Amino acid sequence: MGQMHGKTVVMTGATSGIGQVAAEKLAAMGARIVQVARSKSRGEAGMARLRQLGPGAEHRILYADLSRLSEMRRVAGEIAESEPHLDVLVNNAGAVFGSRHETEDGLERTFALNHLSYFVLTHGLR
């Protein structure tokens, strides 16, 4: 058994880059991964990899656009309601956008995703 067997890890940004590598390594160590992803195609591809690396664990994926306050709150509520306990939270989602864009909440998109989403998600899980 791996060092993370029986542990539940919630991870944002697990479908590419550092988050993907981290999710795969943790799954291979026995962790159950609960991903928060924006892209369904990348999310499904990531779930397939996790199932190969961590067979037997009931990995999950939830979809949300973490640059939107309503989505941050919704996904935090879904996780809090459905997961009896969490062992690790990895707030990894992030992006750099080439031009300024405001979200429907009136927030600059990079700030909303890279900073505010972590605060809102973490607070919602507490």
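Let us look at the structure shown here. (Residues numbered from 1 in each chain as written. Predicted model: local features only at pLDDT ≥ 70, side-chain atom pairs only at ≥ 80, totals over all residues. Heavy atoms only, no water.)

**Some points on the overall build of the chain**
Link 1 in the chain: Regarding its fold elements, the chain presents four helices and four strands.
Link 2 in the chain: Along the chain direction, N to C, the helices and strands of the chain fall in the order β-α-β-α-β-α-β-α.
Link 3 in the chain: Taking 126 residues into account, the globule formula puts the C-alpha radius of gyration at 14 Å, and the chain, at 14 Å, falls close to it.
Link 4 in the chain: Principal-axis analysis of the C-alpha atoms places the extent of the chain at approximately 45 × 30 × 20 Å.
Link 5 in the chain: Scored against the burial criterion, the 126 residues of the chain give a buried share of 42%.
Link 6 in the chain: Put simply, 65% of the contacts in the chain that link residues at least 6 apart link residues at least 24 apart. (Helix = DSSP H or I, 4+ residues; strand = E, 2+ residues; numbered from the N terminus. Rg over C-alpha atoms; globule rule 2.2 N^0.38 Å. Buried < 20%, exposed > 50% of the residue type's maximum accessible area, 1.4 Å probe, protein only. Contact = heavy atoms within 4.5 Å.)

**Let's talk about the pairing of strand β1 (residues 8–12)**
Link 1 in the chain: Of all five residues making up β1, five are buried, and the element is well covered by its neighbours.
Link 2 in the chain: Side chains of β1 alternate between two faces, with Thr8, Val10 and Thr12 and Val9 and Met11 buried alike.
Link 3 in the chain: Bridge count between β1 and strand β2 (residues 32–37): five bridges; the pairing is parallel. When the sheet's bridge partners are listed, Thr8 is paired in β2 with Arg32.
Link 4 in the chain: The parallel pair β1 and β2 is bridged by helix α1 (residues 17–28), and the resulting crossover is right-handed.
Link 5 in the chain: Across three bridges, the pairing between β1 and strand β4 (residues 88–90) is parallel. (Pairing = 2+ DSSP bridges. Right-handed = clockwise from strand over helix to strand, strands pointing away.)

**Let's talk about the environment of Ser41**
Link 1 in the chain: Here Ser41 shows up in helix α2 (residues 40–53).
Link 2 in the chain: Overall, the relative accessible area of 57% leaves Ser41 in the exposed class.
Link 3 in the chain: In this structure, the C-alpha to C-alpha distance between Ser41 and Thr15, residues 26 residues apart in sequence, is 9.5 Å.
Link 4 in the chain: For Ser41, the side chain forms a polar contact with the side chain of Ser39, separated by 3.2 Å. (Polar contact = N/O pair within 3.5 Å; in protein donor to acceptor, adjacent residues only side chain to side chain.)

**Some remarks on the sheet that holds strand β3 (residues 60–63)**
Link 1 in the chain: Read across the open sheet, the four strands follow the order β3-β2-β1-β4; overall the sheet is parallel. Each edge of the open sheet carries a strand with a single partner, namely β3 and β4. Pairwise comparison of adjacent strand axes, ignoring direction, gives a mean angle of 15° for this sheet.
Link 2 in the chain: Where α1 meets the sheet, it contacts β1 and β2, and its direction lies at approximately 170° from that of β1. (Axes fitted to C-alpha atoms, helices over the stretch in contact; angles between N-to-C directions.)

Nothing here speaks to function; it is geometry throughout.
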